[in-house]
Amino acid sequence: MSSVDVINAEGAKAGSVELPANVFDVQANIPLMHQVVVAQLAAARQGTAKAKSRGEVAGGGKKPYKQKGTGRARQGSIRAPQFTGGGVVHGPVPRDYTQRTPKKMKAAALRGALSDRARDGRVFVVESFVSGEKPSTKAAVATLRKVAQTTKVLVVLDSQDELNWVSLRNEPTVHLIEAGQLNTYDVLVADEVVFTRVALDEFLGGSEKSEEGDK
């Protein structure tokens, strides 16, 4: 089990928290993470792509010219696939791209992704991004830059943290997510992961309940 410093809105150390080894120091299974990410991206697809077949394209009900005597190849419709404006052969049709992924696989992949970031020293914890009760993007970004310097930062907030959410939602370098929605893809896309202290407790509490339910 390792620990990280907790930074307050002024950039000063406000204590430390422990990062459980069973979540932040496990072996990363790359094939597993790849499978989970592919399934997540597949589930996000709308699956509404549709091309019309020759029977669905408007027009073409009349034979374009007589069968014999023209010297041309015989044709029955100008909406056949070989004609411009004709139907599409074996074109896409609406479908469901979702893949079934067991919860244990998703949890294991997420632990591996978080462990990879933690081993590189790219997991941080802050007390809050702003002080007081008034949202401030300028103050929140200033606090964020004291711990994270990259342009792809994943900030994890608890479900009730409206103050920090409003303060950071317009910052283009930040992707906000609730602790209960944390997933492998967002962790891997981000260069650094920043938790608030409450969000970290919420995430770890949810992880423990999930493991107990799987037993």
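Up top you'll find the structure we're talking about.
Residues numbered from 1 in each chain as written. Predicted model: local features only at pLDDT ≥ 70, side-chain atom pairs only at ≥ 80, totals over all residues. Heavy atoms only, no water.

**Notes on the sheet that holds strand S1 (residues 2-7)**
Spatially, six strands are ordered S2-S1-S3-S6-S4-S5 in an open sheet, and the strand pairing comes out mixed. Strands at the two margins of the open sheet, each flanked by one partner only, are strand S2 (13-19) and strand S5 (174-178). The mean inter-strand angle of the sheet, taken between neighbouring strand axes irrespective of direction, is 30°. Bridge analysis of S1 against S2 gives five bridges, and the strand direction is antiparallel. Paired with Ile-7 across the bridge in S2 is Lys-13. (Pairing = 2+ DSSP bridges. Helix = DSSP H or I, 4+ residues; strand = E, 2+ residues; numbered from the N terminus. Axes fitted to C-alpha atoms, helices over the stretch in contact; angles between N-to-C directions.)

**Quick look at the pattern of salt bridges**
Where side chains of opposite charge bring their charged atoms close, a pairing between them can arise. According to the stated counting rule, one finds seven salt bridges in the structure shown. The residue Arg-197 makes a salt bridge to Glu-127 at a minimum N-O spacing of 3.1 Å. One end of the pair, Arg-197, is in helix H7 (residues 197-214); the other, Glu-127, is in the loop between strand S3 (123-126) and helix H4 (137-144), with 70 residues separating them in the sequence. Among the residues examined, Arg-197 registers a relative accessible area of 22% and is labelled partly exposed. (Salt bridge = Lys/Arg side-chain N within 4 Å of Asp/Glu carboxyl O. Buried < 20%, exposed > 50% of the residue type's maximum accessible area, 1.4 Å probe, protein only.)

**Topic: the nonpolar core**
In this structure, Phe-24, Leu-114, Val-156, Leu-182, Phe-195 and Phe-203 are the most contacted members of the largest nonpolar core, which totals 29 residues. In contact with Phe-24, other than residues within four places in its own chain, are Leu-19, Leu-114, Ser-115, Ala-118, Val-123, Phe-195, Leu-200, Phe-203 and Leu-204. If you look at the next biggest cluster of nonpolar residues, it comprises 17 residues, including Ala-140, Ala-148, Val-155 and Val-194. (Core = buried A, V, L, I, M, F, W, Y, C linked by side-chain atoms within 4.5 Å. Contact = heavy atoms within 4.5 Å.)

**Points about the pairing of strand S6 (residues 192-196)**
Across the five residues of S6, five count as buried, placing the element largely inside the fold. Two elements, S3 and S6, share four bridges in a ladder whose sense is parallel. Looking across to S6, one finds that Val-123 is bridged to Val-193. Pairing geometry for strand S4 (residues 153-157) and S6, over four bridges, is parallel. When the bridges of S6 are listed, Val-156 appears paired with Phe-195.

**Comments concerning H4**
Those residues of H4 lying buried are Ala-140, Val-141, Thr-143 and Leu-144. An end-on view of H4 places all buried positions within 160° of arc, on one side of the element. (Arc of directions from axis to C-beta.)

**Let's talk about the packing of aromatic side chains**
For the structure shown, the criterion picks out two aromatic pairs. Taking the centre distance of 6.2 Å and the plane angle of 80° together, the rings of Phe-24 and Phe-195 count as edge-to-face. Of this pair, Phe-24 sits in helix H1 (residues 21-24) while Phe-195 sits in strand S6, placing them 171 residues apart in sequence. (Phe/Tyr/Trp six-rings, centres within 6.5 Å; stacked < 30°, edge-to-face > 60°.)

**A look at the side chain of Thr-101**
Within the secondary structure, Thr-101 is located in the loop between helix H2 (30-43) and helix H3 (103-119). Accessibility expressed as a relative area gives 14% for Thr-101, which makes it buried. If we ignore the near neighbours within four places in the chain, the residues touching Thr-101 are Val-36, Ala-39 and Lys-106.

**Remarks on the pairing of S4**
Across the five residues of S4, five count as buried, placing the element largely inside the fold. Because side chains alternate across S4, one face comprises the buried residues Val-153, Val-155 and Leu-157, and the other comprises Leu-154 and Val-156, equally buried. Running through helix H5 (residues 162-168), the crossover from S4 to the neighbouring parallel element S5 is right-handed. (Right-handed = clockwise from strand over helix to strand, strands pointing away.)

It is worth stressing that arrangement in space is one thing and function is another; only the former is reported here.
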